[in-house]
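Below, each chain spelled out in residue letters.
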Amino acid sequence: MLERITSKNDRKAELVQLENAPRLQCLAMASQHTQRDHLKRVSAEEQNALETRLEEISRPSMEFFILLSFSTIIALLGLFQNSAAVIIGAMIIAPLMRPLMGLALGCISADSRLVKRSLMTVIFGTFCGMGIAYSGASVLSSIQLTAEIMGRTHPTLLDLGVALAAGAIGAYCQSKEEIRDTLAGVAIAVALVPPLSVIGIGLARGSFAVASGAALLYATNLIGITIAAAFVLLVMGYSPLNR
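Residues numbered from 1 in each chain as written. Predicted model: local features only at pLDDT ≥ 70, side-chain atom pairs only at ≥ 80, totals over all residues. Heavy atoms only, no water.

> If you had to explain the pattern of salt bridges to someone new, which residues and values would you point to?
Counted according to the given criterion, the structure contains five salt bridges. The partner of Glu55 in a salt bridge is Arg113, and the shortest N-O contact between them spans 3.1 Å. Of this pair, Glu55 sits in helix H2 (residues 44–57) while Arg113 is found in helix H6 (residues 112–139), placing the two residues 58 residues apart along the sequence. In this structure Glu55 comes out as buried when scored by relative accessible area, which is 11%. The salt bridge partner of Arg98 is Glu63, with a shortest N-O separation of 3.5 Å. Here Arg98, found in helix H5 (residues 97–109), pairs with Glu63, found in helix H3 (residues 62–81); they are 35 residues apart in sequence, far enough to count as distant. (Salt bridge = Lys/Arg side-chain N within 4 Å of Asp/Glu carboxyl O. Helix = DSSP H or I, 4+ residues; strand = E, 2+ residues; numbered from the N terminus. Buried < 20%, exposed > 50% of the residue type's maximum accessible area, 1.4 Å probe, protein only.)

Printed below as a string of structure tokens:
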């Protein structure tokens, strides 16, 4: 008797499943269509064009190191002069934002070559800038540490906010051909070269507090820019799903 009741219940369950199967398939298809509608996707041509351009400007080229060297020298002099105007001038020509944009795109598009090239450029540029700042600070050892220098040794959440905002708008500018030239203005806001120069100053003066504080600010800017840029590019439709 129990076996008959169980078999009847099993048959009823099978019939219910069969009746609901088309309905469930429709719901699944509707869910997929909804996700596709909400997730914007750029064309393969647009993504390839941006990847090609960012790969080109993310190379550790002679132009990159010339710009970085002179921007570090200008920033170093501005820091010792305690001159915000001179420091801003150094930030205008600093090229470090370029490989960070390449790194952000490479991370979300699963382009290992672009990630490696961008990381290599950032690492080489970091050591190059620190070396120049260390040498310059050693020559200018008689000058006292100024407020502009000390102001870059105590990063706060506000600095992270600036980095996130700069990375977001930097990525947006790179994805829009008509406003790409505004990236220099974004570089002014985030200030990568001054903290890099302060690291060299701290090392030259043998001050761990100065060097470590500036290194924390520099790392905060690098990470904040990359994360925000990657998020914006992903929202705008640059992703490995286009491959």
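> Give a description of the packing of H3 against H6 that names residues and reports values.
Contact geometry for H3 and H6: axes closest at 9 Å, N-to-C directions at 40°. One way to sum up the angle between H3 and H6 is to call them oblique. Read as a crossing pair, H3 and H6 show a hand that is right-handed. Residues Phe64, Phe65, Leu68, Ser69, Thr72, Ile73, Leu76 and Phe80 of H3 touch H6, and the partners they reach there are Thr121, Phe124, Gly125, Cys128, Gly129, Ile132, Ala133, Gly136 and Ala137. (Axes fitted to C-alpha atoms, helices over the stretch in contact; angles between N-to-C directions. Parallel < 35°, antiparallel > 145°, perpendicular 65-115°, else oblique. Left-handed = near helix turned anticlockwise from the far one by under 90°. Contact = heavy atoms within 4.5 Å.)

> Summarise the packing of aromatic side chains; cite the residues concerned and give the values.
Scanning the model with the defined rule gives one aromatic pair in all. Centroid distance Phe64 to Phe65: 5.3 Å. Interplanar angle 85°. Geometry classified as edge-to-face. Looking at Phe64, the relative accessible area reads 1%, which means it is buried. Phe65 sits in the partly exposed class, given a relative accessible area of 21%. (Phe/Tyr/Trp six-rings, centres within 6.5 Å; stacked < 30°, edge-to-face > 60°.)

> If you had to explain the confidence of the model for the protein chain to someone new, which residues and values would you point to?
Caution applies to low-pLDDT regions: their predicted coordinates should not be interpreted in detail. Taken as a whole, the protein chain shows an average pLDDT of 79; of its residues, 76% reach a score of 70 or greater. Confidence over residues 2–6 falls short of pLDDT 50; this stretch has zero contacts with residues more than four positions distant or in other chains. (pLDDT = per-residue confidence, 0-100.)

> Got a sec to walk through H6? Specific residues and values, please.
Taking 1.5 Å per residue as the helical rise, H6 with its 28 residues ought to reach 40 Å, and the 41 Å between its terminal C-alpha atoms agrees with that figure. Of all the residues in H6, the buried ones are Leu114, Val115, Ser118, Thr121, Val122, Gly125, Thr126, Gly129, Met130, Ala133, Gly136 and Ala137. On its buried face, H6 sits against H2, H3, H5, helix H10 (193–205) and helix H11 (208–235). Its side-chain oxygen at 3.3 Å from the backbone nitrogen of Arg113, Asp111 defines the N-terminal cap of H6. (Expected span 1.5 Å × (residues − 1). Polar contact = N/O pair within 3.5 Å; in protein donor to acceptor, adjacent residues only side chain to side chain.)

> Let's hear about a nonpolar patch on the surface: which residues, and what values?
A cluster of nonpolar side chains, contributed by Met62, Ile66, Phe70, Ile73, Leu77, Ile88, Ile92 and Ile93, occupies part of the molecular surface with about 720 Å² of accessible area. Of all the secondary-structure elements, those providing two or more residues to the nonpolar patch are H3 and helix H4 (84–93). With five residues, H3 is the largest single contributor of residues to the nonpolar patch. With respect to the helices, strands and loops of the structure, Phe70 is situated in helix H3. (Patch = residues over 30% accessible without salt bridge, like charges linked within 9 Å, V, L, I, M, F, W, Y side chains within 5 Å. Areas by Shrake-Rupley, 256 points an atom, 1.4 Å probe, with all protein chains shown as cover.)

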